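Results of the structural survey
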Amino acid sequence: MRPVLLAAAALVAGAVPATTAQAAWGPVLRPAASAEAQQTSVAVNARGDVGVAWLQEQRRFATVRAAVKRGGAPLRVRTLLHERDSAVAGLTAALDRRGELTVVWVERGSTRGLLHGHITVRAAFRTPSGRWSSVRSVTRISPFFYAQPRLAVAPDGTVVLAVNAGNRTAKGMAAAWRRPGRPFGTIRPAGAQLQEPSLAFDASGRAHLAGTARCDDEQRSTGVLRTATLRTRRFGADRVVARPPANHVRLVLTGRGAGVATWLRTGCSTTEDLTGPVRAALVRNGRAQAPSIVEDVLGTEPFLATGPGGSADAAWTAYAPDAPGGAVHTARIAPDGSIATPGVPADGWVARAGDAAGDELVAAQRPANHGPPTALGARRAGVSEVVPAPTAVDGWPVFAAAPTGRALAVAVPARAFVRVAVWRP
């Protein structure tokens with residue numbers, strides 16, 4: 001389908017004059033035909049290129065669109081799917097260092113809300129020259145809402161897709177790989193199914209896949225980590241990160257072969273969200289060290305972001321005696337494993353994503369079930385000052401950090417447009 005050309009990106013109305021600090025935020029981009037998006041994904045690279053994908057479901061049609069902004073070129077929108085009686089889940093996007101965008105989603109028939117027929121993972125990509133591939137089927141799978149596809153981009157541009165497959169080839173998770181300019185290859189088994197998987201490459205090109213295994217078995221749910229190299233393209237056996245019971249496992253990479261994992265010490269369930277105390281562990285060369293107590297108060301909705309100097313910033317909603325309705329608590333986990341005293345952040349900002357240098361996207365986060373953040377900003381590594389983002393927060397934002405280098409991006413779906421902003425130091 002023909003791409004829709006968007007006019008030059010508009011500046012936010014009433015923006016204050018640019019200063020050296022505020023100039024780190026670029027102008028707000030408003031992709032055409034992005035009103036009332038139900039799902040949104042954003043990706044950014046160190047050059048400041050940005051890609052965004054979104055889903056609209058209206059009048060029994062499911063529409064998936066994507067847009068890419070590279071350098072001074074105009075933002076162009078591409079319609080990847082426009083299909084009647086179809087449902088889409090798990091929309092996700094990734095961008096490599098040259099500006100090649102990969103978009104993946106899960107699709108199934110839906111007639112008046114009744115799901116039926118085959119469940120298919122589909123993918124498309126856009127090369128740095130602006131050429132879109134055709135939309136291709138990667139594989140058929142058995143779960144729909146719990147397929148939870150994830151993408152990650154290696155420093156050399158290799159993209160890996162991991163998804164809960166449950167098919168003949170991969171009874172648990174499946175992984176598929178692609179080189180720049182080429183479609184995904186044959187899927188391969190990638191271990192048992194994982195709840196809320198995370199996927200990332202470190203600087204050496206090793207992929208890290210983490211999540212909660214044995215979900216729906218509250219006594220045995222376990223946080224695990226699997227790794228794969230670019231040479232073998234096969235994820236190895238589970239390495240235990242969080243002993244049972246564990247849920248809401250999060251992993252961020254903080255350096256070459258180094259990372260931090262956090263989780264709630266409670267059982268995993270797909271029918272209810274259980275609360276639990278917060279735990280953390282350092283990860284070194286694919287193996288977790290002894291766990292540490294972050295906070296023993298019951299919590300939910302944990303976040304984890306790469307922080308400055310090889311640290312990680314954890315956040316969660318805590319149900320403390322003085323805040324029975326919930327309060328957002330944060331704690332920094334240092335490279336040596338020491339953990340700062342948890343509590344309500346003094347400045348009100350919560351880290352939601354961080355790049356390899358420790359620059360962070362931050363949000364004025366509300367407790368769980370109290371609505372989206374009230375404000376967004378960016379904080380340069382080693383600097384306490386937060387530069388507010390040049391966009392209102394009238395929807396649930398999604399966040400992205402460059403896989404390598406320094407850049408951050410946020411997308412806020414709204415009634416008229418998806419608004420996208422990129423921050424660079």
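Quick caveat, the model's predicted, so the values are computed rather than measured.

1. Points about the overall build of the chain
For the chain, the count of helices and strands is 0 helices and 31 strands. Taking 22 Å as the expected radius of gyration for a compact globule of 425 residues, we find that the chain reaches 20 Å, a close match to that expectation. With the C-alpha coordinates of the chain rotated into their principal frame, the extents come out at 60 × 55 × 45 Å. Expressed as a percentage of its 425 residues, the buried residues of the chain come to 56%.

2. Examining the sheet that holds strand E9 (residues 136-141)
Taken together, the 4 strands give an open sheet; going across it, the order is E6-E7-E8-E9, and neighbouring strands pair in antiparallel fashion. What marks the edges here is a single partner per strand, and that holds for strand E6 (86-95) and E9. Sheet twist, expressed as the average angle between the axes of neighbouring strands with direction ignored, equals 20°. Two elements, E6 and strand E7 (residues 101-111), share 8 bridges in a ladder whose sense is antiparallel. Directly across from Ser86, in E7, lies its bridge partner Gly109.

3. Points about the state of the cysteines
What makes a disulfide is a covalent bond joining the sulfur atoms belonging to two cysteines. Counted according to the given criterion, the structure contains 1 disulfide. Between the sulfur atoms of Cys215 and its disulfide partner Cys268 the distance amounts to 2.0 Å. Across the S-S bond of Cys215 and Cys268 the torsion is about -80°, and the bridge reads as left-handed. With Cys215 in the loop between strand E15 (207-213) and strand E16 (222-228) and Cys268 in the loop between strand E19 (258-264) and strand E20 (276-284), this pair connects stretches of sequence that are 53 residues apart. Take Cys215: its relative accessible area is 22%, and that puts it in the partly exposed class.

4. Overview of the side chain of Asp355
By the secondary structure assignment, Asp355 is in the loop between strand E25 (350-354) and strand E26 (360-363). Despite its burial, Asp355 pairs with no opposite charge, the nearest such side chain being Arg406 at 4.8 Å. Excluding residues that lie within four positions of it along the chain, Asp355 makes contacts with Thr306, Ala401, Ala402, Gly405, Arg406, Ala407 and Leu408.

5. Structural notes on the packing of aromatic side chains
Inspection of the entire model under this criterion finds 3 aromatic pairs. For the pair Phe144 and Phe145, a centre-to-centre distance of 4.8 Å together with 65° between the ring planes defines the contact as edge-to-face. Judged by relative accessible area, Phe144 falls into the buried class, the value being 7%. An aromatic cluster is defined as three or more aromatic residues linked by ring pairs; in this entry it consists of Trp177, Phe201 and Phe235. The ring of Phe125 is capped by Arg178, whose NZ or CZ atom sits 4.2 Å from the centre of that ring.

6. Observations regarding the pattern of salt bridges
Overall, the coordinates contain 18 salt bridges when judged by the stated rule. With a closest N to O distance of 3.3 Å, Glu196 and Arg250 form a salt bridge. Residue Glu196 is located in strand E14 (residues 195-201), and its partner Arg250 is located in strand E18 (residues 247-255); the two are separated by 54 residues in the primary sequence. By relative accessible area, which is 21% here, Glu196 ends up partly exposed. Its relative accessible area of 19% is what places Arg250 among the buried residues. Its salt-bridge partner being Asp296, residue Arg279 comes within 2.8 Å of it at the nearest N-O pair.

7. Structural notes on the pairing of strand E29 (residues 398-401)
Taken together, the 4 bridges between E29 and strand E30 (residues 408-413) define a ladder with antiparallel strand orientation. Note that in E30 the partner of Ala401 across the bridge is Leu408. Connecting the antiparallel pair E29 and E30 is a turn made up of 6 residues, with Gly405 showing a positive phi of about 80°.

8. Focus: unusual backbone geometry
The omega angle of the peptide bond from Pro244 to Pro245 is -5°, so this bond is cis rather than trans. One non-glycine residue, Asp85, lies in positive phi territory at about 55°. Within the fold, Asp85 resides in the loop between strand E5 (76-84) and E6. Phi angles above zero are rare outside glycine, and Gln148 is one such case at about 50°.

9. Regarding the nonpolar core
In this structure, Val121, Val138, Ile141 and Phe184 are the most contacted members of the largest nonpolar core, which totals 23 residues. Of all elements in the fold, only E6, E7, strand E8 (114-126), E9, strand E10 (150-153), strand E11 (159-164) and strand E12 (173-178) reach the threshold of two or more residues within this core.

Rules behind the numbers
Residues numbered from 1 in each chain as written. Predicted model: local features only at pLDDT ≥ 70, side-chain atom pairs only at ≥ 80, totals over all residues. Heavy atoms only, no water. Helix = DSSP H or I, 4+ residues; strand = E, 2+ residues; numbered from the N terminus. Rg over C-alpha atoms; globule rule 2.2 N^0.38 Å. Buried < 20%, exposed > 50% of the residue type's maximum accessible area, 1.4 Å probe, protein only. Pairing = 2+ DSSP bridges. Axes fitted to C-alpha atoms, helices over the stretch in contact; angles between N-to-C directions. Disulfide = S-S within 2.5 Å. Lys, Arg positive; Asp, Glu negative; His and termini not counted. Salt bridge = Lys/Arg side-chain N within 4 Å of Asp/Glu carboxyl O. Contact = heavy atoms within 4.5 Å. Phe/Tyr/Trp six-rings, centres within 6.5 Å; stacked < 30°, edge-to-face > 60°. Lys NZ or Arg CZ within 6 Å of the ring centre and 35° of its normal. Core = buried A, V, L, I, M, F, W, Y, C linked by side-chain atoms within 4.5 Å.

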